[in-house]
Amino acid sequence: MRILLAGANDASFIRRDVALLSRHHEVTYFDLRSATAPSFSAQLKLLRSTDLLLLWFASPRFLPLTAVARLRRIPVAVIIGGYEVASLPEFGYGSARSYPRSIPTRALLRLADAIAVVSDSSQNSLSNNLGIADSRVSRVYHGFADIAPDSPPPRKPSVVTIATVTRENWEIKGISDFLLVAEQLPATEFTLIGAVKDDVASLLGHAPAANVKFVGAVPYEQIGEYLSAATIYLQLSRHESFGCAVAEAMLCGCIPVVADAFALPEVVGQTGVILSNRDPKQVAASIRSLLAEPGDRGLSARRRILDCFSPETRLQGLEALVARALEGHR
């Protein structure tokens, strides 16, 4: 089958899906936000030789292409990213935080023959915030290839997180919380992986603690080296539709310490610490306890990702989504 897969960014999880689907199908992929993205007329040309249009993210920018696909009787499937169905007005986050903002997303999903989400949490948001019936939606968890290095570096009693530092991400991704917790544990190394696009001191109100290391953006192929060197992965996000970075850290044997927010408990299960309170002193106390006696939690966390979120299971779910779109189009 010829699949045209359009993404609203070039995230590693989209690339994984392209590779998985390419095992059985002829997949043409483009990133709508890329400088090399095809023009709309070029997209229409690609559509002519397509049996299925698969959209990664329900972006309003896909509406014209989706409308043409329906006019040409080409089935359409949509994978929800999370922002499209989120409603956190207190953080200015989510397309569903007001009815006017949600109109393009609702219009796009009405045109879809099949819809997939990456977590039960995201499915609940889709139902509660946009009124999309569960019968139209399938849950397809992300799948992760093992990124742990064959010869991992010595593991240090340290804490790591992954985030792009921007004003928009500051609260929603828990960056401020990460830095405040670091202040409570001055003898412990805290590492933040990700591009720093806005001034940290201005956002925090003072210079970050001396025990915080900013390593900048790291190529995906090297992430495993950094994660395998840490003991704890800390994620205090206000919203995660899944939490891919958490899963990748767990694959590398990190103990996950996460906020009780949206899909994070769903990913972590019983293998980490789920916090209902982001108070820096209380978070630091949990981390201090884990560093003193980590036990085998890291191994349990790794095993959970290998067992529950494998590429093979993801591919089965994607193939079922394709079949559902074709069936729904008839």
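In this report, the structure presented in the accompanying data block is examined.

Analysis parameters
Along each chain, numbering runs from 1 in the same order as the chain's sequence is written. Restriction of local features to residues with pLDDT of at least 70 applies here, the model being predicted, together with a cutoff of 80 or more for giving and counting side-chain atom pairs; totals for whole chains, interfaces and linings are based on all residues. As a convention, hydrogens and water are excluded, and side-chain values are obtained from all of the structure's heavy atoms. Helix and strand assignments follow DSSP, with helices taken as H or I runs no shorter than four residues and strands as E runs no shorter than two, numbered in order from the N terminus. What the globule rule says is 2.2 Å times the number of residues to the power 0.38, and the radius of gyration is computed from C-alpha atoms. When a residue's accessible area, from a 1.4 Å probe over protein chains only, is under 20% of the maximum for its type it is buried; when over 50% it is exposed; and in between it is partly exposed. We call two residues in contact when some of their heavy atoms are within 4.5 Å. Positive residues here are Lys and Arg, negative ones are Asp and Glu, while His and the chain termini are left out of the count. Every charge is mapped onto a representative atom, which is NZ of Lys, CZ of Arg, CG of Asp or CD of Glu. What makes two strands pair is DSSP finding at least two bridges between them. Whenever a helix is involved, its axis is fitted only over the stretch in contact; in every case the axis is a line through C-alpha atoms, and angles between N-to-C directions fall within 0 to 180 degrees. As used here, the term nonpolar core means buried Ala, Val, Leu, Ile, Met, Phe, Trp, Tyr and Cys residues forming a set that is joined through side-chain atoms within 4.5 Å. Pairing of N or O atoms within 3.5 Å defines a polar contact, subject to two protein rules: one partner must be a possible hydrogen donor and the other a possible acceptor, and residues neighboring in sequence count only if both atoms are side-chain atoms. Helix span, expected: 1.5 Å multiplied by one less than the number of residues in the helix. Of all possible arcs, the one meant is that of the directions from the helix axis to the C-beta atoms. Any two cysteine sulfur atoms lying within 2.5 Å of each other are counted as a disulfide.

### Observations concerning the overall build of the protein
Line of reasoning, step 1. A count of helical and extended segments in the protein gives 14 helices and twelve strands.
Line of reasoning, step 2. The C-alpha atoms of the protein give a radius of gyration of 20 Å, which matches the 20 Å a tight globule of 330 residues would have.
Line of reasoning, step 3. Seen through its principal axes, the protein has C-alpha atoms that stretch 60 × 40 × 35 Å.
Line of reasoning, step 4. Among the 330 residues that make up the protein, the fraction classed as buried is 55%.
Line of reasoning, step 5. Summarising the internal contacts of the protein: among those between residues at least 6 apart in sequence, 67% fall at separations of at least 24.
Line of reasoning, step 6. Across the protein, the mean location of the 34 positive side-chain charges is 7 Å away from that of the 32 negative side-chain charges.

### Brief notes about the sheet that holds strand 4 (residues 76-79)
Line of reasoning, step 1. In space, the six strands of this open sheet follow the order 2-1-3-4-5-6, with parallel pairing throughout. Both outer strands of the open sheet, strand 2 (26-31) and strand 6 (137-139), are each paired with one neighbouring strand and no more. Along the sheet, successive strands turn relative to each other by an average axial angle of 20 degrees, direction set aside.
Line of reasoning, step 2. Two elements, strand 5 (residues 114-117) and strand 6, share three bridges in a ladder whose sense is parallel. Note that in strand 6 the partner of Ile115 across the bridge is Val137.
Line of reasoning, step 3. Against the sheet, helix 1 (residues 12-21) makes contact with strand 1 (2-7), strand 2, strand 3 (52-56) and strand 4, and its axis sits at roughly 165 degrees relative to strand 2, the strand it touches most.

### Notes on the nonpolar core
Generally speaking, nonpolar side chains in soluble globular proteins are found buried as a group.
Line of reasoning, step 1. Formed by 81 residues in total, the largest nonpolar core has its most connected members in Leu5, Leu109, Leu126, Leu227 and Phe242.
Line of reasoning, step 2. Looking at this core, the element that brings in the most residues is helix 10 (residues 244-251), giving seven residues.
Line of reasoning, step 3. The residues touching Phe242, leaving out its near neighbours within four places in the chain, are Val118, Tyr141, His142, Phe144, Ala247, Ala263, Leu264, Val267 and Phe309.
Line of reasoning, step 4. Within the second largest apolar cluster, 31 residues are counted, among which are Val165, Val257, Ala259 and Leu291.

### Things to note about the environment of Arg110
Line of reasoning, step 1. Structurally, Arg110 is set in helix 4 (residues 99-111).
Line of reasoning, step 2. In this structure the C-alpha to C-alpha distance between Arg110 and Asn211, which are 101 residues apart in sequence, comes to 50 Å.

### Some words on the side chain of Arg238
Line of reasoning, step 1. Note on placement: Arg238 falls in the loop between strand 10 (232-235) and helix 10.
Line of reasoning, step 2. A polar side-chain atom of Arg238 sits 2.3 Å from a polar atom in the side chain of Asp177.
Line of reasoning, step 3. Discounting chain neighbours no more than four positions away, the residues touching Arg238 are Leu88, Phe91, Glu171, Ile172, Gly174, Asp177, Ala261, Phe262 and Arg278.

### Here's the deal with helix 12 (residues 280-292)
Line of reasoning, step 1. With 13 residues, helix 12 ought to run about 18 Å at 1.5 Å a step, and its terminal C-alpha atoms sit 18 Å apart, in line with that.
Line of reasoning, step 2. Taken as a whole, helix 12 has its buried residues at Val283, Ala284, Ser286, Ile287, Leu290 and Leu291. Buried residues in helix 12, looked at end-on, bunch into an arc of 160 degrees, giving them a common side. Those residues of helix 12 that are exposed and aimed more than 90 degrees away from the buried face are Lys281 and Ala292.
Line of reasoning, step 3. On its buried face, helix 12 is in contact with strand 7 (159-162), helix 7 (175-184), strand 10, strand 11 (255-259), strand 12 (273-275) and helix 13 (297-308).

### What about the state of the cysteines?
Line of reasoning, step 1. Across all of its chains, the model carries zero disulfides by this definition.
Line of reasoning, step 2. Considering cysteine sulfurs only, Cys252 is the nearest to Cys254, which forms no disulfide, with 6.4 Å between them.
Line of reasoning, step 3. Given a relative accessible area of 1%, Cys254 falls into the buried group.

### Focus: the sheet that holds strand 10
Line of reasoning, step 1. Strand order in the open sheet formed by six strands is 9-8-7-10-11-12, and the pairing between neighbours is parallel. The open sheet is flanked by strand 9 (212-216) and strand 12, the only strands paired with a single partner. Across the sheet, the mean angle separating the axes of adjacent strands is 20 degrees when strand polarity is ignored.
Line of reasoning, step 2. Examined bridge by bridge, strand 7 and strand 10 share two bridges and lie parallel to one another.

### Some points on the environment of Ala114
Line of reasoning, step 1. Structurally, the position occupied by Ala114 is in strand 5.
Line of reasoning, step 2. By relative accessible area, which is 1% here, Ala114 ends up buried.
Line of reasoning, step 3. Placed 24 residues apart in sequence, Ala114 and Ser138 show a C-alpha to C-alpha distance of 8.1 Å.
Line of reasoning, step 4. Not counting residues within four places of it along the chain, the set of residues in contact with Ala114 comprises Val76, Ala77, Val78, Leu321, Arg324 and Ala325.

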